[in-house]
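Letter by letter, the chains look like this.
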Amino acid sequence: MNNKIVKAHIALFAAASMWGLMSPVGKMAMNAGITSLSLTSMRMMGAALCFWIASFFAPKEKVAKRDFLLLFFAGLLGIVFNQGMFIFGLSLTSPIDATIITTSLPIVTLILGILFLKEAVIPMKILGVVIGAVGALILILSNYNSTGISGNIWGDMLCLFSQTSFACYLTFFKGLISRYHVFTLMKWMFTYASLCFIPFSYHDLSEMISLSFPVGVWLEVGYVVFFGTFFAYVLIMVGQKTLHATVVSMYNYMQPVVGTIASVIIGIATFGWIKGVASALIFVGVYIVTQTKSKV
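About the criteria used
- Residues numbered from 1 in each chain as written.
- Predicted model: local features only at pLDDT ≥ 70, side-chain atom pairs only at ≥ 80, totals over all residues.
- Heavy atoms only, no water.
- Helix = DSSP H or I, 4+ residues; strand = E, 2+ residues; numbered from the N terminus.
- Contact = heavy atoms within 4.5 Å.
- Polar contact = N/O pair within 3.5 Å; in protein donor to acceptor, adjacent residues only side chain to side chain.
- Core = buried A, V, L, I, M, F, W, Y, C linked by side-chain atoms within 4.5 Å.
- Buried < 20%, exposed > 50% of the residue type's maximum accessible area, 1.4 Å probe, protein only.
- Phe/Tyr/Trp six-rings, centres within 6.5 Å; stacked < 30°, edge-to-face > 60°.

Enquirer: How would you sum up the environment of serine 162? Please name residues and give values.
Expert: By the secondary structure assignment, serine 162 is in helix H8 (residues 153-172). In the structure, serine 162 is positioned 78 residues away from glycine 84 in sequence and 7.7 Å away in space, judged by C-alpha atoms. With residues near it in sequence (within four places) discarded, serine 162 still touches Phe81, Asn82, Met85 and Phe86. Of the polar contacts made by the side chain of serine 162, one reaches the side chain of glutamine 163; its length is 3.4 Å.

Okay, here's the thing in structure tokens:
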């Protein structure tokens, strides 16, 4: 692989690592009193501000008028529906249910590519997606402990909708993404997303201003904004510019691996042979998909 492809894979792995901690960190912030609407709104507005500041240090680009509409819809699918539905769903369901549902992203992306982009049905790629999904599910379920935490069908459906929305974004906007610098794309997408979401979150945000939260809660919100959003979206865009949508989505399977490693490091979980086999299946699945050439 050339350096560009290697950098794309490294970027995707780093983004998956940051997103792998999103469910537990976001859930802790919401358990402390930050509502799902407030957290999502702060995530979007905070990222928009970061991208606008970063854009001043990036090459100046003029966006074609026709592309502003595309950026709006990219913001809806890749940010508003994806982030809004996931965090709102996470507030209703358990972190384990939310994490399990994220494994649907590569499958949905593969199906959309076959249906709308007329990609060839490649058995090896399908096999890689399935192997990765099996490994991710085994790993997630091995981390489950019956502590009375239960899921919620509406929360689960919202999380599934968020994954489908992001799969549509990965599938249909690669052409737009290849035309502009990452900061140009992201500053407009997050600006549009913020404008769309503020009317729904204004009430929650105005009430939250009058409340007092510990420093630890704001650090959790800061992680969601800076690492789970700003840096992660920069990295995912680097990978998206170079690699196929299904390959990009396969890195979603790395999220439970990161969550497991973090749990082992802080001493709230152990790493046994089941987790080892599950992790190996994920790596094998990702390797198969990344090594399988796509045919359109």
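Picking up after the structure, the text goes on.
Enquirer: Pulling in residues and values, what's your account of the nonpolar core?
Expert: Ile34, Phe51, Tyr169, Phe183, Met186, Phe190 and Tyr233 are the most contacted members of the largest nonpolar core, which totals 82 residues. The dominant element in this core, judged by the number of residues it contributes, is helix H11 (residues 215-242), at 11 residues. In this view, phenylalanine 190 contacts Met44, Ala47, Ala48, Phe51, Ile79, Gln83, Thr229 and Tyr233; residues no more than four positions away in its chain are not counted.

Enquirer: Which residues make up the side chain of serine 41, and what values do they have?
Expert: Within the fold, serine 41 resides in helix H3 (residues 36-55). For serine 41, a relative accessible area of 1% corresponds to the buried category. Residue contacts for serine 41: discarding those within four places in its chain leaves Phe197, Ile198, Ser201 and Leu205.

Enquirer: Before we move on, could you go through the packing of aromatic side chains and cite the residues and values that matter?
Expert: Counted according to the given criterion, the structure contains 19 aromatic pairs. Ring geometry for phenylalanine 51 versus phenylalanine 183: centroids 6.2 Å apart, planes at 55°, classification tilted. Highlighted residues: phenylalanine 51 in helix H3 and phenylalanine 183 in helix H10 (residues 182-209), separated in sequence by 132 residues. Under the relative-accessibility criterion, phenylalanine 183 is labelled buried at 17%. Relative to phenylalanine 227, the ring of tyrosine 223 lies with its centre 5.6 Å away and its plane at 25°, an arrangement referred to as stacked. Note that tyrosine 223 and phenylalanine 227 are positioned in helix H11 at a spacing of four residues, about one turn of the helix. In this structure an aromatic cluster arises from ring pairing among Trp19, Phe51, Phe166, Tyr169, Phe173, Phe183, Phe190, Tyr223, Phe227, Phe230, Phe231 and Tyr233.

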